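Tertiary structure, described
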Amino acid sequence: KFKEYFHTKLFNTLRFSMRFYSKVSPLLVVIVTVSLFAPLISMFFKDIALESKPLPFALLVVIYGFIMHMFYNTHYTIRENMLYVQSGFIKYRRIDIYSIKSVEPSRNLLSSPAPSFDRIKVRYGKWSMILLSPKDKKGFTEALASINPEIESSILIKFRLGPPHPASLRGR
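To start, this report covers the structure provided alongside it. On a predicted model such as this, the values are computed, not experimentally measured, just so you know.

**Topic: the overall build of the protein**
Counting secondary structure elements, the protein contains six helices and eight strands. In the protein, which comprises 172 residues, the proportion classed as buried is 35%. Restricting the contact set of the protein to residue pairs at least 6 apart, pairs at least 24 apart contribute 53%.

If you want it as structure tokens, here you go:
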């Protein structure tokens, strides 16, 4: 209890912040790469020189660079009682951690600041929801719950309980 109380006080009284970087799915990177550069591959097989079409090629490279920048620069920052979500140059709305109701695993493929298929769904406010994909789901969820202990999460229960101890399985 003292540890939880101290940890909560530390978060709430100091101007403390934690940054959690997003997990990036290699499959998603491959899908984006292939879909963007498929026209170039077809040009290659039709023997069309890239020098004759430099503008489309340059545009594809810029778009690809922008998307990869967003993928690899997506992070979630917890500062005081706020959650800040940023994906590349795009800053999403701040979320008051005290308004978060639940944090649960999700495989939802909706567009979101989560460049991975291994996502978590954060429900907040009355009807709002955002999909995120922190590398450290347990640490991220624990950091949120240390500020708002009312957050419901099967992620925390899963990690608190852990796998069954081998000694407990012997009698079965």
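After presenting the structure, the write-up continues.
**Some thoughts on unusual backbone geometry**
Residue glutamate 80 is not a glycine yet carries a positive backbone phi of 55°. One can find glutamate 80 in the loop between strand 2 (74-79) and strand 3 (82-87).

**Structural notes on the environment of methionine 18**
Looking at where methionine 18 falls in the secondary structure, it is placed in strand 1 (residues 17-21). According to the relative accessible area criterion, methionine 18 is partly exposed, its value standing at 27%. Taking the C-alpha atoms as reference points, methionine 18 and glutamate 80, separated by 62 residues in sequence, lie 9.4 Å from one another.

**Some points on the sheet that holds strand 6 (residues 100-106)**
The strand order across the open sheet built from three strands is 6-7-8, with neighbouring strands paired in antiparallel fashion. The open sheet has two edge strands, strand 6 and strand 8 (128-132), and neither has a second partner. Neighbour-to-neighbour, the strand axes of the sheet open up by a mean angle of 20°, direction not taken into account. Pairing between strand 7 (residues 119-124) and strand 8: five bridges, direction antiparallel. Residue isoleucine 120 lies in a different strand from strand 8, and its bridge partner there is leucine 132.

**Re the pattern of salt bridges**
By the definition in use, this model includes three salt bridges. Note that aspartate 118 is salt-bridged to lysine 23, the shortest N-O span being 2.5 Å. Here aspartate 118 is found in the loop between strand 6 and strand 7, whereas its partner lysine 23 is found in the loop between strand 1 and helix 2 (26-45), with 95 residues between them in sequence. For lysine 138, the salt bridge identified is with glutamate 142, shortest N-O distance 3.5 Å. Pair noted here: lysine 138 and glutamate 142 are both in helix 4 (residues 137-147), with a separation of four residues, about one helical turn. On the basis of relative accessibility, which here comes to 36%, the residue glutamate 142 falls in the partly exposed class. Here the salt bridges do not stand alone but share partners, grouping Lys23, Asp118 and Lys137 into one network.

Rules and cut-offs
- Residues numbered from 1 in each chain as written.
- Predicted model: local features only at pLDDT ≥ 70, side-chain atom pairs only at ≥ 80, totals over all residues.
- Heavy atoms only, no water.
- Helix = DSSP H or I, 4+ residues; strand = E, 2+ residues; numbered from the N terminus.
- Buried < 20%, exposed > 50% of the residue type's maximum accessible area, 1.4 Å probe, protein only.
- Contact = heavy atoms within 4.5 Å.
- Pairing = 2+ DSSP bridges.
- Axes fitted to C-alpha atoms, helices over the stretch in contact; angles between N-to-C directions.
- Salt bridge = Lys/Arg side-chain N within 4 Å of Asp/Glu carboxyl O.

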